[in-house]
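One-letter residues, chain by chain:
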Amino acid sequence: MVCRLKTPLYGLKQAPRAWHLKITKYLHQIGLNKSKSDNSLFIRSDSRGHLFIIIYVDDLVIEGEHFVDIEHIKKLLSSRLEMKDMKELHYFLGIEVIRTPDDIMLSQRHYILNLLYKFGMTECKPITTPLDRNLKLDVDSGTTKCEPTFYRQLVRSLIYLIITRPDLSYPVDLLREFMQTPRDIHLDCAKRVVRYVSVTWDFGILYVSATPIRLKGYTNADWADYKVDRRSTSGFVFSLGNRAISWSNKN
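Residues numbered from 1 in each chain as written. Predicted model: local features only at pLDDT ≥ 70, side-chain atom pairs only at ≥ 80, totals over all residues. Heavy atoms only, no water.

Caption draft 1: Inspection of the overall build of the protein chain at higher detail. Broken down by element type, the protein chain carries six helices and eleven strands. Here the C-alpha coordinates of the protein chain stretch approximately 65 × 60 × 35 Å along the principal axes. Going through the 251 residues of the protein chain one by one, you find that 36% of them count as buried. When contacts within the protein chain are restricted to residue pairs at least 6 apart in sequence, those whose partners lie at least 24 apart make up 58%. A total of about 16,600 Å² of accessible surface is found on the protein chain, and carbon and sulfur atoms cover 56% of it. Computed over 37 positive and 28 negative side-chain charges, the inter-centroid distance for the protein chain is 5 Å. (Helix = DSSP H or I, 4+ residues; strand = E, 2+ residues; numbered from the N terminus. Buried < 20%, exposed > 50% of the residue type's maximum accessible area, 1.4 Å probe, protein only. Contact = heavy atoms within 4.5 Å. Areas by Shrake-Rupley, 256 points an atom, 1.4 Å probe, with all protein chains shown as cover. Lys, Arg positive; Asp, Glu negative; His and termini not counted. Charge placed at Lys NZ, Arg CZ, Asp CG, Glu CD.)

Put into structure tokens, the structure is as follows:
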């Protein structure tokens, strides 16, 4: 007897690729096009309005202007794929979606609480700023080396927080520079960021429906202020309707 596995999503190396090709082909057939900036985002824009589908492995998030269009897309997907409708989006990849009649807030409150517990900092002393602005860090700062595995795990956990926390972009990007050979002062700074997060755990990004849709961008840079290689630190933030939609900080 030979069994044919129809849905090999997990365990096989080629399974994710085969699944992505299948769902991409079908979404094209029903009128959605892949975004040029993100391979997991599919968009349909026509006289009916805008509709978006985001894919993460075998999970799909559907968002649109009209409820009827969303329900129609669900029926089309159900006719071709075996799927379960989880209704309104509340939690996705560690991001909590909090809705009211007038706005939507994206927050990582539960992720932060789990982070504090994971690194034994649930009882840490809170602080109101993530980084001392007068502190200049480089690879030779500090006196002793710290345990690199713990430092890397902590910084990587903080990196994921940047999704909903633009205020962490600069300090976390700075700490990421010392992943190879971290020292005690680098670890102290990373813990300071966690202490700041512990008191701002309910921060997030609020999108208000009544805000006028206007795209704005801001950028800035210092001048060769990074001591390690004399490069400049630059950053940008773009907002749509006075709410941030994209941001970055780089050396």
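Caption draft 2: Looking closely at a nonpolar patch on the surface. A contiguous nonpolar patch, built from Ile213, Leu215, Phe236, Phe238, Leu240 and Ile245 and spanning about 570 Å² of accessible area, is present on the exposed surface. Examined against the element boundaries, Leu215 turns out to sit in strand β9 (residues 215-221). (Patch = residues over 30% accessible without salt bridge, like charges linked within 9 Å, V, L, I, M, F, W, Y side chains within 5 Å. Salt bridge = Lys/Arg side-chain N within 4 Å of Asp/Glu carboxyl O.)

Caption draft 3: Up close: the pairing of strand β4 (residues 59-64). Note that strand β3 (residues 49-56) and β4 share six bridges and pair antiparallel. Paired with Tyr56 across the two strands is Asp59, which belongs to β4. Linking β3 back to β4 in an antiparallel pair, the connection comprises two residues, with Val57 at a positive phi of about 55°. (Pairing = 2+ DSSP bridges.)

Caption draft 4: Spotlight on the sheet that holds strand β10 (residues 234-240). The strand order across the open sheet built from three strands is β9-β10-β11, with neighbouring strands paired in antiparallel fashion. Of all the strands in the sheet, the pair left with one neighbour each is β9 and β11 (244-250). Neighbour-to-neighbour, the strand axes of the sheet open up by a mean angle of 5°, direction not taken into account. Note that β9 and β10 share seven bridges and pair antiparallel. Considered in β10, the bridge of Gly217 is made with Phe238. (Axes fitted to C-alpha atoms, helices over the stretch in contact; angles between N-to-C directions.)

Caption draft 5: Local environment of unusual backbone geometry. The backbone of Lys87 shows a phi angle near 65°, a positive value even though the residue is not glycine. With respect to the element layout, Lys87 can be found in the loop between α2 (67-80) and β5 (91-92). A positive phi is found at Leu93, a non-glycine position, where the angle reads about 55°. Following the sequence through the fold, Leu93 ends up in the loop between β5 and β6 (95-99).

Caption draft 6: How the structure looks around the nonpolar core. The biggest cluster of nonpolar side chains holds 33 residues, and the ones touching the most others in it are Tyr151, Leu158, Leu161 and Leu175. Where this core is concerned, the elements lending two or more residues are α3 (109-118), α4 (148-161), α5 (169-176), α6 (184-199) and β11. Residue contacts for Leu161: discarding those within four places in its chain leaves Gln108, Tyr111, Ile112, Leu115, Leu168 and Val197. (Core = buried A, V, L, I, M, F, W, Y, C linked by side-chain atoms within 4.5 Å.)

Caption draft 7: Focus on the sheet that holds strand β1 (residues 33-34). A sheet is described by the order of its strands in space; here four strands give the open sequence β1-β2-β3-β4, paired in antiparallel fashion. With partners counted over all chains shown, the strands left at the sheet margins are β1 and β4, one partner each. Strand direction decides the pairing type here: β1 and strand β2 (residues 41-46), joined by two bridges, are antiparallel. Note that in β2 the partner of Lys34 across the bridge is Phe42. Contacting β2, β3 and β4, α2 crosses the sheet at an angle of about 150° to β4.

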